[in-house]
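An overview of the molecular structure
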Amino acid sequence: MTLRTPIEQQQQSTERLLMFGSVGLITCFAFESLATTNTMPTVVEDLGGDQWYSVAAGVVLAGQVISTVVAGAWNDAKGVKPSLVTGILLFTVGALIAGLAPSLPAFVTGRAVQGLGGGFVIVPLYVMIGALVEPERRPRFFAAFSYAWVVPSMVGPAVAGYIVDQWHWRPVYYLIIPVALAALLPLLPLLRHIPPPEPSDVTMPPLFSAILTATGIIALQLGGAYTGSAKWFLFGAGAALLVGFLPRLFPKGTAFARRGTPSIVATRFLLMAALVGTEFFLPFVLNRVHEWTASATGWAIALGSLTWTVGSWSQTHVVRPNRRRYIPIVGAGCVAVGTALALLLPHSDISPFIGLTGWAVIGLGMGLAIATTSDFALAITDKSRHGDVSASLQLADSTGPALAMGVISVALSLWVDQVSTANPYLPAPVIACLIGALAFGAAMRNRRLSW
């Protein structure tokens, strides 16, 4: 039996508490994400119509863009506590506004506030892991973040679907509030263990670019809800803002997947875009094309989370750096294959289980790639810049999906207006498949990564 020194015992105790608290918080966010995804078709039908679906989903990501940019510099300059507490409060207030919303504008406002809160919360969790966890144990933490999706994936969409089928969609949002507040409590004692920040090393965040990027995201989503000249104006304005200001939010070289942090961020951006590009249309296709109930759709959404967990667990068993650097490539390859299979989902004469197999493969690939890219990014970055690199990862996780949903929203609108109404969801999996192929190409840039 190996005796641990008092310092080692304290380190172990700190890591356990961080694991407990962070997993609890991620579990709450996972429940919210999966449950609300399954309720959205019902919400928009009740409050405003299907054309507003992408808007209600897109404002969450737009809010995350702004808060994530601020959170990176805020954490490096002031520590994790202000960002963490502010994020939880905004997240719960947003859930309350959404649950009470009498109209679609009020619901969209609540979802935007939730997005702001989410950006402020996730960045400090990454910073705490970088500061308090030994490098060799970081992969387990990021794997645990995936494990935190297991229970929500099993019960979140299904419970949400049951609540919607039996009562209403509003209680789903009320349930989030006490869980989020309770999840914050175990993390508060750990804040005194975080080393003091070094303000001299902190650069000002590109807040102006973040606001204009968020505006571009919302403009694209709104374009799908309008007709005529308003549609084209919103599409054009949204595209111009994203092209002009989105690249300024990321490390130089991200657009070309330059080796190092830029290639990691580019891989995350594209992987999350491919994932959400598929998830974006999944509930609608299953409900409207294949006539599945909300409860059955919930179990289908959960499938991807379960395989994500399997992939994340698998990557913890690869410890040699010269082998770990290939894991994101394998993961991205799975995502590319899975999005190709998902092309079959919008066809009513083809069994949806074939496309759902692709959804499961996507989840497996995400589990392999996301945990390892988080680990790699912290490993190659100085601790004084962990807030900055964590913000870049989280920006990739929000802007990638936002861009995917915006492009898909435009494509679906044009497809229905100009081409065909017989299969209105077909452009969505095509775009997701193309993004999946790009993600594989970006991941290949990581194969020579070293630290």
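Residues numbered from 1 in each chain as written. Predicted model: local features only at pLDDT ≥ 70, side-chain atom pairs only at ≥ 80, totals over all residues. Heavy atoms only, no water.

It is at 8 Å that the axes of helix α3 (residues 81–100) and helix α7 (residues 170–184) come closest, and there the two elements cross at 165°. Put simply, α3 runs roughly antiparallel to α7. As α3 runs across α7, the sense of the crossing is left-handed. Facing α3, whose interface residues are Leu84, Ile88, Phe91, Thr92, Ala95, Leu96, Ala98, Gly99 and Leu100, α7 presents Arg170, Tyr173, Tyr174, Ile176, Ile177, Ala180, Leu181 and Leu184. Here the residues of the contact of α3 with α7 are counted per class, giving 14 nonpolar, two polar and one charged. (Axes fitted to C-alpha atoms, helices over the stretch in contact; angles between N-to-C directions. Helix = DSSP H or I, 4+ residues; strand = E, 2+ residues; numbered from the N terminus. Parallel < 35°, antiparallel > 145°, perpendicular 65-115°, else oblique. Left-handed = near helix turned anticlockwise from the far one by under 90°. Contact = heavy atoms within 4.5 Å. Nonpolar A, V, L, I, M, F, W, Y, C, P; charged D, E, K, R; others polar.)

Okay, helix α9 (residues 228–245) next. Look at α9: 26 Å from first C-alpha to last across 18 residues, which is about the 26 Å you get at 1.5 Å a residue. Taken residue by residue, α9 has Lys231, Leu234, Phe235, Gly238, Leu241, Leu242 and Phe245 as its buried positions. Buried residues of α9 fall within an arc of 140° about the axis and therefore sit on the same side. Opposite the buried face of α9, at more than 90 degrees from it, the exposed residues are Ser229, Phe233, Ala240 and Val243. (Expected span 1.5 Å × (residues − 1). Buried < 20%, exposed > 50% of the residue type's maximum accessible area, 1.4 Å probe, protein only. Arc of directions from axis to C-beta.)

A contiguous nonpolar surface patch, about 270 Å² in accessible area, is contributed by Leu96, Leu100 and Tyr174. Among the secondary structure elements, leucine 96 is positioned in helix α3. (Patch = residues over 30% accessible without salt bridge, like charges linked within 9 Å, V, L, I, M, F, W, Y side chains within 5 Å. Areas by Shrake-Rupley, 256 points an atom, 1.4 Å probe, with all protein chains shown as cover. Salt bridge = Lys/Arg side-chain N within 4 Å of Asp/Glu carboxyl O.)

What follows is about the nonpolar core. Counting residues in each nonpolar core, the largest one holds 118 residues, and the members touching the most others are Leu18, Leu25, Phe107, Tyr173 and Met366. Tallying contributions element by element places helix α10 (residues 261–289) first for this core, with 17 residues. (Core = buried A, V, L, I, M, F, W, Y, C linked by side-chain atoms within 4.5 Å.)

Look at α3: 29 Å from first C-alpha to last across 20 residues, which is about the 28 Å you get at 1.5 Å a residue. Along α3, the positions that sit buried rather than exposed are Ser83, Leu84, Gly87, Ile88, Phe91, Thr92, Gly94, Ala95, Ala98 and Gly99. In a view along the axis of α3, the buried residues occupy a sector of 160°, so they form one face of it.

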